[in-house]
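Residue-level structural notes
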2 protein chains.
Amino acid sequence: MLPMKSRYALKALVFLARHQADGPVPVAGIAAAEAIPVKFLEAILLELRNSGILTSRRGPTGGYQLRVEPETVHLGDVIRNLSGPMAPLPCLSKTAYHRCTECVDEATCAVRLLMADVHAATLRIVDGTTLAQLVARVDASAAGEAEGQSERCRPEQGPVSAKLDFID
Amino acid sequence: MLPMKSRYALKALVFLARHQADGPVPVAGIAAAEAIPVKFLEAILLELRNSGILTSRRGPTGGYQLRVEPETVHLGDVIRNLSGPMAPLPCLSKTAYHRCTECVDEATCAVRLLMADVHAATLRIVDGTTLAQLVARVDASAAGEAEGQSERCRPEQGPVSAKLDFID
DNA sequence: CCAATTCCTATCATCGCGATAGGCTTACTT
DNA sequence: AAGTAAGCCTATCGCGATGATAGGAATTGG
């Protein structure tokens, strides 16, 4: 499960990307629009500021604002900054690597072999997607919704076993 | 993080796939070989039995054994059976779907759009891999290890942004 | 009948997560 | 200069999931 911290952060960033022209946006405004607990969001935005993605101004007319262009914000970094490494095994994290205590031989660990692929696939998506791209996809989704169209039907399906399309 | 329950289960299944010819293998044997707490593994194998993957016999010479061919065991089902759905958001699970309480509009939810791709990629791997394939990969990995060879360099890399190869 | 083994239920300690409380600091407005 | 709207910071708390253990009952081969 993606932690609430990261979910809220992504929602807030999309919101801020949309309101780039409006100058600083106060926490309360974002929280109200996205249904996020104010104090919780406050802590999240503070972290995003400290990691360099946001700027803040205090006092009246203050608030938060994107510091960098949405095209340069990689969503994987956002998730990592707030919720730590997303490796499915300790031994698959580069920055927080540590040997799995239960692992007899890391080089031939079946679990590791399997999850390494999962991890790589995940990173390819979250690190390969920018905030700007995500905003664009939301727009496309909202537009296609009216026509009952679901864009992005995973075109690069690849030669899988041709079974059912997987669920859960 | 993949729960210990699922990690242990995968290790045990690989072990059992290797010892298919030996008849029933007692829990203690698997636990010793794979460094798994005995009582914990006991509960896990029991669940795998109840879900139809394993058979068991009691008494002396008893133990656990694969009930089906390794080619028919999809690893995604193993993980699901033991640790529940692996959807990164409640609203992405088919069998345990429920609306995200924090989500204002599911159809245009940015988090959902992003994680849907992650989820699909994960399922493609875990449901597209069988126990037999995993055993084969471990063998290949062990063989290539001697020559300093790392097989499976993710050949289907695709046209990503050509940046670094992602970590964490 | 004995011993090995599965089977079943209950219980426990720990930890991370989501959230809240309360106050301090900054700075705009009047 | 005062008032107030906002960010900033620290501490704390309840809750549930997780990983694990204990103890015994049921089964079955030798």
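In what follows, the accompanying structure is described. Values in this document were obtained by computation on a predicted structure and should not be read as measured data. (Residues numbered from 1 in each chain as written. Chains lettered and ligands numbered in written order. Predicted model: local features only at pLDDT ≥ 70, side-chain atom pairs only at ≥ 80, totals over all residues. Heavy atoms only, no water.)

**Topic: the protein's contact with DNA strand D**
Neighbouring DNA strand D are 24 residues; Glu42, Ser56 and Tyr64 of chain A together with Lys39 and Arg58 of chain B lie closest to it. Valine 27 of chain A is positioned with one of its backbone polar atoms (N or O) 2.8 Å from a phosphate oxygen of DNA strand D. Note that a phosphate oxygen of DNA strand D is positioned 2.5 Å from one of the side-chain N or O atoms of serine 56 of chain A. Those elements that place two or more of their residues in the surface near DNA strand D are helix H3 (38-50), strand S1 (54-57) and strand S2 (63-66) of chain A together with helix H1 (4-18) and helix H3 (38-50) of chain B. Considering each element in turn, the surface near DNA strand D owes the most residues, four residues, to H3 of chain A. Its residues assigned to classes, the surface near DNA strand D shows 11 nonpolar, five polar and eight charged. (Near = heavy atom within 4 Å. Polar contact = N/O pair within 3.5 Å; in protein donor to acceptor, adjacent residues only side chain to side chain. Helix = DSSP H or I, 4+ residues; strand = E, 2+ residues; numbered from the N terminus. Nonpolar A, V, L, I, M, F, W, Y, C, P; charged D, E, K, R; others polar.)

**Brief notes about the relation of the copies chain B and chain A**
When chain B is fitted onto chain A, the two copies agree to an RMSD of 0.0 Å after a turn of 180° and an axial shift of 0.0 Å. In the structure described here, the two chain copies are related by an operation that fits a two-fold rotation axis. If distances are taken from each C-alpha of chain B to the rotation axis, the shortest is found for alanine 121 of chain B, at 3.1 Å. Mapped onto chain A, 100% of the interface residues of chain B are again interface residues, and the two copies thus contact each other with one and the same surface. (Least-squares fit on C-alpha atoms with pLDDT ≥ 70 in both. Contact = heavy atoms within 4.5 Å.)

**Overview of the protein's contact with DNA strand C**
Close to DNA strand C lie 25 residues, the nearest being Lys39 and Arg58 of chain A together with Glu42, Ser56 and Tyr64 of chain B. Atoms of DNA strand C within 4 Å of the protein: sugar and phosphate make up 70%, bases the balance. A distance of 2.3 Å separates a base nitrogen of DNA strand C from a polar atom in the side chain of glutamate 42 of chain B. Between glycine 59 of chain B and DNA strand C, the recorded distance is 3.5 Å, taken from a backbone N or O atom to a sugar or linking oxygen.

**A short note on the interface of chain B and chain A**
Of the residues lining the interface, 65 residues belong to chain B; the matching set on chain A comes to 65 residues. Taking both sides of the interface into account, the surface hidden between chain B and chain A amounts to around 5,600 Å²; carbon and sulfur atoms contribute 66%. Sorting the residues of chain B by area buried against chain A places Glu102, Arg124 and Asp168 of chain B first, and these three jointly supply 16% of that buried surface. The interface formed by chain B and chain A includes four salt bridges. The closest approach of N and O atoms between arginine 137 of chain A and aspartate 117 of chain B, which form a salt bridge, is 2.9 Å. Broken down by element, the side of chain B that touches chain A gets its largest block of residues, 15 residues, from helix H5 (residues 110-126) of chain B. Grouping the amino acids of the side of chain B that touches chain A by side-chain chemistry returns 38 nonpolar, 10 polar and 17 charged. (Buried area = accessible area lost by both parts, 1.4 Å probe. Salt bridge = Lys/Arg side-chain N within 4 Å of Asp/Glu carboxyl O.)

This is a description of form; function is not addressed.
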